[in-house]
Amino acid sequence: MAWSRIARSSQLSQSLSRIASDGGAPTPAASALRNAAALGPRSRHAASSFHSLACAGLADKCGAGAGGHLYGQNRGISATPSRLLPAAAEPLAAECSDTEDPAEAMAALPDLGPTGLKNKPRVVVLGSGWAACRFLKDVDTSAYDVVCVSPRNHMVFTPLLASTCVGTLEFRSVVEPVSRIQPALATRPGSYFFLANCTGIDTRKHEVYCTVAAGDEQLPTNPYRFRVAYDKLVIASGAEPLTFNIKGVQENAIFLREVNEAQEIRRKLLTNLMLSENPGLSETEKKRLLHCVVVGGGPTGVEFSGELSDFIMRDVRDRYAHVKDYVKVTLIEANEILSSFDVGLRQYATNHLSKYGVKLVKGVVKEVLPTEIVLSDGTHVPYGLLVWSTGVGPSEFVKSLDLPKSPGGRIGIDEYLRVPSVEDVYALGDCAGFLESTKRPVLPALAQVAEREGKYLAQLFKKLAAQNGGGRAHCGKKADLGEPFVYKHIGSMASVGRYKALVDLRENKDAKGVSMAGFLSWVMWRSAYLTRVVSWRNRFYVAVNWATTLVFGRDNTRIG
């Protein structure tokens, strides 16, 4: 095994030396390659350095290494951290091998190696949310090979996710497989989708480290780890729900950001409805089981409360007649609900929700227990179903990266969505925010923000690919990037149930513009989201689900 690695290293050094020295006078990369080749078997680190040396040679070909001092043996710019591994991934090398040498342990990982000059440059995308999928949809696959790394193989159309919890829509109607969004991931030989979590980034080597927790012993090791080399890296890993470190939230509440969470909400809701009809339950226990509490008065919390209220009024009262008077919905918010909307719209939403059975409580959650919530004023609120929707914040992965941070803890980016302190790394979506030095505000964690950032970055990458190999590692530094990213808010919409919705088309709270509520707004809400669903297949599914629910009501079958 060792002799075969030495032999392959020798062949690779000869090949890379020819590449680096091609074109006349010796270059720093060519000299470094000759030195590394001369070390041969005497240096056990020689083979692991070929990737860095190859990219240094590529930098010479691009003209970026003309100054000599920019690219030394560490491959990166002096401002580039040599390694960006989260604290949770620090034991990675030790766990991957029994050897005591971390370099050898990392070298033992299976990998998708660096691209050659005859190959297209590789773009690695972390995530499959709105930003990542819009970028994947628009990226020029004739100029780039694309690799997507994500723990889920689909995009969730989050504005309609609340409707799936009560059976208005089927779950498959709001998900779109990544391979349908970008067919190259399934058909092109150099493009792949990897079902895994990114656990570390090494910007010096241009590599990402991934982990797959199989859970069923199907893989050679569990967890299974591998690494992927990149020319350009796009971090679009999203955000995590904010819990404000309140005790008991993670253990007892259900979030509403993923399909599996919507499925859990639906399962628990129907289970509680059926259990409450069993004999022997006290009145107090029935009331607790059928009390649905939503924490968070943003668009997601309000839309879910409206859907739940509509479900109770139209379906539960007919099919669960024995317990219909026990079903209650409470919405808890520390400030005002829908704070980003017009004052008149907020008042309309408050009146409408109250009219149709949603109790609005102004308060701050202090602790969450298995069967009740404790508010800061000492009030105890029993519940059977608790949905937590208080916004999102940086994930543990984003927090652990040694990258500049914007206000709020997101990855800091400039006006071109680049991470300034490292080369060939971009960030977008909910995990990224403008640095203070750009004098731009951090954009809200909205789908329309993420989608437009993904579209912009795909266009920027197309420009890079057209400029003297700018799509390759280290070759885009002097490229003309064109106009910086500019976001213009086009408005907000939210459904409040019972064929009513809010539409606020102002650019911000202080600007003038159209704001309306009622049935016409509900028609606009449904029309807008129907056109925004990614594929024609899902548009058809959504339209059929809406029509079926209108005629026959919601299905209340408990599956699983």
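In the annotation of an unreviewed UniProt entry, the chain is listed under the name NADH:ubiquinone reductase (non-electrogenic) and assigned to Triticum urartu. What UniProt states about the chain under its Function (unreviewed entry) heading is, verbatim, "Alternative NADH-ubiquinone oxidoreductase which catalyzes the oxidation of mitochondrial NADH does not translocate protons across the inner mitochondrial membrane." Per UniProt, the chain carries the Sequence similarities (unreviewed entry) text "Belongs to the NADH dehydrogenase family."

S.K.: Sorry, what's going on with the overall build of the chain here?
M.R.: A count of helices and strands for the chain gives 18 helices and 26 strands. In the chain, which comprises 560 residues, the proportion classed as buried is 50%. Partitioning the intrachain contacts of the chain with sequence separation of at least 6 by distance along the chain shows that 66% fall at a separation of at least 24. Entry remark: accessible area of the chain is about 26,200 Å², with carbon and sulfur atoms responsible for 53%.

S.K.: What am I meant to see in the side chain of Glu453 here?
M.R.: With respect to the secondary-structure elements, Glu453 resides in helix α16 (residues 447-465). Buried and unpaired, Glu453 has Arg410 as its nearest opposite-charge partner, separated by 6.6 Å. In this structure Glu453 touches Leu417, Leu428, Gly429, Leu443 and Phe485, once residues within four positions along its chain are discounted.

S.K.: Hey, could you run me through the confidence of the model for the chain in this one?
M.R.: As a general rule, the predicted coordinates of low-pLDDT regions are not to be interpreted in detail. For the chain, the average pLDDT comes to 83, and 81% of its residues sit at 70 or higher. This model gives residues 1-61 a pLDDT under 50, and the stretch forms 61 contacts once residues within four places in sequence are excluded. Contacts from residues 63-91, a stretch scored under 50 in pLDDT, to residues over four places away or in other chains number 60 contacts.

S.K.: Would you explain the pattern of salt bridges in this entry?
M.R.: A side chain with one charge may pair with a side chain of the opposite charge, provided their charged atoms come close. If you walk through the whole model with that rule in mind, you get 22 salt bridges. For Arg134, the salt bridge goes to Glu451, with nearest N and O atoms at 3.2 Å. You can see Arg134 sitting in helix α6 (residues 130-138) and its partner Glu451 sitting in helix α16, a full 317 residues away along the chain. Overall, the relative accessible area of 17% leaves Arg134 in the buried class. Exposure remark for Glu451: the relative accessible area of 16% places this residue in the buried category. With its nearest N and O atoms 3.8 Å apart, the salt bridge here joins Glu207 to Arg227. Of the two residues, Glu207 is situated in strand β8 (residues 207-212) and Arg227 in strand β9 (residues 224-229); the sequence distance between them amounts to 20 residues.

S.K.: Would you explain the environment of Gln467 in this entry?
M.R.: By the element assignment, Gln467 lies in the loop between α16 and β24 (492-497). Between the C-alpha atom of Gln467 and that of Leu481, which follows or precedes it by 14 residues, the distance is 9.9 Å. Look past the residues within four positions of Gln467 in its chain and what remains in contact with it is Ala479 and Asp480. At 3.2 Å, the side chain of Gln467 and the backbone oxygen of Lys463 are in polar contact.

S.K.: Explanation requested: the nonpolar core in the structure shown.
M.R.: Soluble globular proteins tend to pack their nonpolar side chains together in the buried interior. Ranked by internal contacts, the top residues of the largest apolar core, which has 119 residues, are Leu160, Ile201, Ile235 and Phe461. Considering every element that reaches this core, the biggest residue donor is α16, with 8 residues. Excluding residues that lie within four positions of it along the chain, Ile235 makes contacts with Leu126, Ile201, Leu401, Leu403, Ile411, Val425, Tyr426, Ala427, Leu428 and Cys431. In terms of nonpolar packing, the next biggest core, distinct from the first, is built from 15 residues, Val293, Val295, Val368 and Val381 among them.

S.K.: Which parts of the structure should I look at to understand the pairing of β8?
M.R.: On any regular strand, side chains alternate: one points to one face of the sheet, the next to the other face. For β8, the buried fraction is high: 6 of the 6 residues fall into the buried class. Residues Glu207, Tyr209 and Thr211 line one face of β8 and the alternating positions Val208, Cys210 and Val212 line the opposite face, and both faces are buried. Bridging between strand β7 (residues 197-202) and β8 involves 5 bridges; their strand directions are antiparallel. By the bridge assignment, Ile201 is partnered in β8 with Val208.

S.K.: Help me understand a nonpolar patch on the surface, please; the structure alone is not making it clear to me.
M.R.: On the surface, Leu505, Val514, Phe519, Leu520, Val523 and Met524 cluster together to form a nonpolar patch covering roughly 510 Å² of accessible area. You can see Val514 is positioned in the loop between β25 (500-504) and β26 (515-518).

S.K.: How should the environment of Arg288 be read in this particular structure?
M.R.: Mapped onto the elements of the fold, Arg288 is located in helix α12 (residues 283-289). The exposure class assigned to Arg288 is buried, which follows from its relative accessible area of 18%. Counting along the chain gives 93 residues from Arg288 to Val381, while the straight-line C-alpha distance between them is 9.0 Å. Apart from the residues within four sequence positions on either side, Arg288 is in contact with Thr371, Pro382, Tyr383 and Gly384.

S.K.: Looking at this structure, I do not really get the sheet that holds β24. What am I missing?
M.R.: Taken in spatial order, the 3 strands of this open sheet run β24-β25-β26, and their pairing is antiparallel. Because the sheet does not close on itself, it has two edges, and the strands there are β24 and β26. In this sheet, adjacent strand axes meet at a mean angle of 10° when their direction is disregarded. The sheet contact formed by β24 and β25 spans 5 bridges and is antiparallel. When the bridges of β25 are listed, Ser492 appears paired with Asp504. Along the sheet, helix α14 (residues 343-355) contacts β24, β25 and β26; its crossing angle with β25, the most-contacted strand, is approximately 170°.

S.K.: What's the story with the sheet that holds β7 in this structure? I'm lost.
M.R.: Adjacent strands of a sheet form backbone hydrogen bonds with each other and so pair up, either parallel or antiparallel. An order of β1-β9-β8-β7 is seen for the 4 strands of this open sheet, with the pairing classed as mixed. The sheet is open, and its two edges are formed by β1 (111-112) and β7, each paired on a single side.

S.K.: Is there a simple way to explain the state of the cysteines in this structure?
M.R.: Taken as a whole and judged by the stated rule, the model has 0 disulfides. No disulfide involves Cys148; its nearest neighbouring cysteine sulfur is the one of Cys133, lying 6.7 Å away. Residue Cys148 is classed as buried on the basis of its relative accessible area of 0%. Of all cysteine sulfurs, the one in Cys210 lies closest to Cys198, which takes part in no disulfide; the gap is 5.3 Å.

S.K.: Quick question: what am I supposed to make of helix α13 (residues 299-319) here?
M.R.: Because each turn of an α-helix spans 3.6 residues, side chains separated by three or four positions end up pointing in the same direction. Between its first and last C-alpha atoms α13 spans 29 Å; for 21 residues at 1.5 Å apiece the expected length is 30 Å, and the two agree. Of all the bends found along α13, the most pronounced is centred on Ile312 and spans about 40°.

Criteria and thresholds
- Residues numbered from 1 in each chain as written.
- Predicted model: local features only at pLDDT ≥ 70, side-chain atom pairs only at ≥ 80, totals over all residues.
- Heavy atoms only, no water.
- UniProt positions renumbered as here; feature names shortened; annotations may be inferred.
- Helix = DSSP H or I, 4+ residues; strand = E, 2+ residues; numbered from the N terminus.
- Buried < 20%, exposed > 50% of the residue type's maximum accessible area, 1.4 Å probe, protein only.
- Contact = heavy atoms within 4.5 Å.
- Areas by Shrake-Rupley, 256 points an atom, 1.4 Å probe, with all protein chains shown as cover.
- Lys, Arg positive; Asp, Glu negative; His and termini not counted.
- Salt bridge = Lys/Arg side-chain N within 4 Å of Asp/Glu carboxyl O.
- pLDDT = per-residue confidence, 0-100.
- Polar contact = N/O pair within 3.5 Å; in protein donor to acceptor, adjacent residues only side chain to side chain.
- Core = buried A, V, L, I, M, F, W, Y, C linked by side-chain atoms within 4.5 Å.
- Pairing = 2+ DSSP bridges.
- Patch = residues over 30% accessible without salt bridge, like charges linked within 9 Å, V, L, I, M, F, W, Y side chains within 5 Å.
- Axes fitted to C-alpha atoms, helices over the stretch in contact; angles between N-to-C directions.
- Disulfide = S-S within 2.5 Å.
- Expected span 1.5 Å × (residues − 1).
- Bend = angle between axes of the 7 residues up to and from the residue.

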